[in-house]
Amino acid sequence: DNMIAYNQKCERQFFQKYHLLLGGIYTYSGQLDKAIDILENSLKNKYSSLDTIQYLNTKINLCIFYFYKKDYQKTISIFLKMEHSDTWYTKNMGQESLLKKQLLEIMIHYELANTDYVETRVKSVKRVHDNLFHRPPYHRAKSFLTLLNRLNNNPFLATTSEFSELVSTSFD
């Protein structure tokens, strides 16, 4: 009985981590639909009994996979169901997870040409995460936001050699 209980506990503990990893492997091996199915099914599985953090990480990964698939409306519909405040995400998942979620939201709206939304969100994210952007691992995220905002304001900039040079030097 103890062994069965222990096995069930381990299965519950690692079930979602396994599926997140498996979904990532399928994504990077070009099997995006299979990766999406794995995560969608893991959310419905009776063994998953996810805690809030695992559930939200799975949802964010699903958003990323749908973004790769260019299914922006599906991605937005998932985000709309993630109803917690930014303060809640920071407290429960950490500032880095909140930044990841916000960057993805901005990229989706950029792809949908929601220029006003992108401009507003870029400013907000830069302000809210200013303390994070001063740390070396996050300099690139700030550079990315700056470049994205410039493209948002002038899409034709992407075709210039000036922008190409700017991109080359922004991530050193």
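Residue indices follow the written sequence of each chain, beginning from 1 at its first position. Since the coordinates come from a predicted model, pLDDT governs what is reported: local features require at least 70, and pairs of side-chain atoms require 80 or more to be given and counted, while whole-chain, interface and lining totals use all residues. The side-chain numbers reported here are obtained from all heavy atoms of the structure, hydrogens and water having been left aside.

(A) The arrangement of the environment of Thr169 in detail. Looking at the secondary structure, you find Thr169 in helix α10 (residues 161–170). In the structure, Thr169 is positioned 26 residues away from Ser143 in sequence and 9.9 Å away in space, judged by C-alpha atoms. In this text, helices come from DSSP runs of H or I with a minimum length of four residues, and strands from runs of E with a minimum of two, each type numbered from the N-terminal end.

(B) Layout of the environment of Met107. Within the secondary structure, Met107 sits in helix α6 (residues 95–111). For every residue, the accessible area obtained with a 1.4 Å probe (protein chains only) is divided by the maximum for its type, and the residue is called buried under 20%, exposed over 50%, and partly exposed between those limits. Judged by relative accessible area, Met107 falls into the partly exposed class, the value being 23%. Along the sequence, Met107 and Leu148 sit 41 residues apart, while their C-alpha atoms lie 8.4 Å from each other. In this description, contact between two residues means that some pair of their heavy atoms is separated by no more than 4.5 Å. Apart from the residues lying within four places of it in its own chain, the contact partners of Met107 are Phe67 and Phe144.

(C) The arrangement of the pattern of salt bridges in detail. A pair is scored as a salt bridge if a Lys or Arg side-chain nitrogen falls within 4 Å of a carboxyl oxygen belonging to Asp or Glu. What the rule picks out here adds up to 5 salt bridges. Put simply, Lys101 and Glu105 hold a salt bridge, and the shortest N to O gap is 3.5 Å. One end of the pair is Lys101 and the other is Glu105, both in helix α6 and 4 residues apart, which spans about a single turn. It is possible to trace a salt-bridge network through shared partners that takes in Lys101, Glu105 and Arg121.

(D) Spotlight on the side chain of Ser42. Along the chain, the position of Ser42 falls in helix α2 (residues 32–44). The buried category is assigned to Ser42, whose relative accessible area is 1%.

(E) Spotlight on the packing of helix α3 (residues 52–68) against helix α5 (residues 86–93). The geometry of α3 relative to α5 is characterised by a closest axis approach of 11 Å and an angle of 115° between their N-to-C directions. Here α3 and α5 pass one another in a crossing that is left-handed. Contacts between α3 and α5 involve Thr52, Ile53, Leu56, Asn57 and Ile60 from the former and Trp88, Tyr89, Asn92 and Met93 from the latter. Of the residues in the contact of α3 with α5, the class split is 6 nonpolar, 3 polar and no charged. Working convention: axes come from line fits to C-alpha atoms, limited for helices to the stretch in contact. Angles between N-to-C directions cover 0 to 180 degrees. By convention the crossing between two helices is left-handed if the near helix lies anticlockwise of the far one by an angle smaller than a right angle, and right-handed if it lies clockwise. Three classes are used, and their members are as follows: Ala, Val, Leu, Ile, Met, Phe, Trp, Tyr, Cys and Pro are nonpolar, Asp, Glu, Lys and Arg are charged, and the others, Gly among them, are polar.

(F) Just the packing of helix α4 (residues 72–80) against α6, in detail. The geometry of α4 relative to α6 is characterised by a closest axis approach of 10 Å and an angle of 140° between their N-to-C directions. The angle between α4 and α6 falls in the class oblique. Where α4 crosses over α6, the handedness of that crossing is left-handed. In contact with Tyr72, Thr75, Ile76 and Phe79 of α4, α6 contributes Lys101, Leu104, Glu105, Ile108, His109 and Glu111. Taken together, the residues of the contact of α4 with α6 sort by class into 5 nonpolar, 2 polar and 3 charged. Any angle from 65 to 115 degrees is called roughly perpendicular, while one under 35 is roughly parallel, one over 145 is roughly antiparallel, and all others are oblique.

(G) Seen up close, the packing of aromatic side chains. Pairs were defined over the aromatic rings of Phe, Tyr and Trp, the Trp ring being its six-membered one, requiring ring centres within 6.5 Å. Orientation was assigned from the angle between planes: stacked under 30 degrees, edge-to-face over 60, tilted for the rest. Under the defined criterion, the tally for this structure stands at 2 aromatic pairs. Between Phe67 and Tyr72 the ring centres are 5.6 Å apart and the planes differ by 55°, which places this aromatic pair in the tilted class. Here Trp88 and Tyr89 contribute two aromatic rings whose centre-to-centre distance is 5.3 Å and whose plane-to-plane angle is 90°, an arrangement assigned as edge-to-face. The lysine or arginine in question, Lys101, covers the ring of Tyr89, its NZ or CZ lying 5.0 Å from the ring centre. Whether a charge sits over a ring depends on NZ of Lys or CZ of Arg being within 6 Å of the ring centre and within 35 degrees of the ring normal.

(H) Expanded view of the confidence of the model for the chain. The predictor attaches a confidence to each residue, and that confidence, scored 0 to 100, is pLDDT. With 89% of its residues at a pLDDT of at least 70, the chain reaches an overall mean of 87. Looking at the elements of the chain, mean pLDDT is at its lowest for helix α1 (residues 2–28), recorded as 76, and at its highest for helix α7 (residues 115–128), recorded as 96.

(I) A look at the nonpolar core. In these notes, a set of buried Ala, Val, Leu, Ile, Met, Phe, Trp, Tyr and Cys residues joined through side-chain atoms within 4.5 Å is what counts as a nonpolar core. One finds Leu62, Phe65, Met82, Leu104 and Ile108 to be the most contacted residues of the largest nonpolar core, which totals 25 residues. No other element matches the 8 residues that α3 contributes to this core. Ignoring sequence-local partners within four residues, the contact set of Ile108 consists of Phe67, Tyr72, Thr75, Ile76 and Phe79. Ile106, Val118, Val125 and Phe133 belong to the second largest nonpolar core, which has 12 residues in total.

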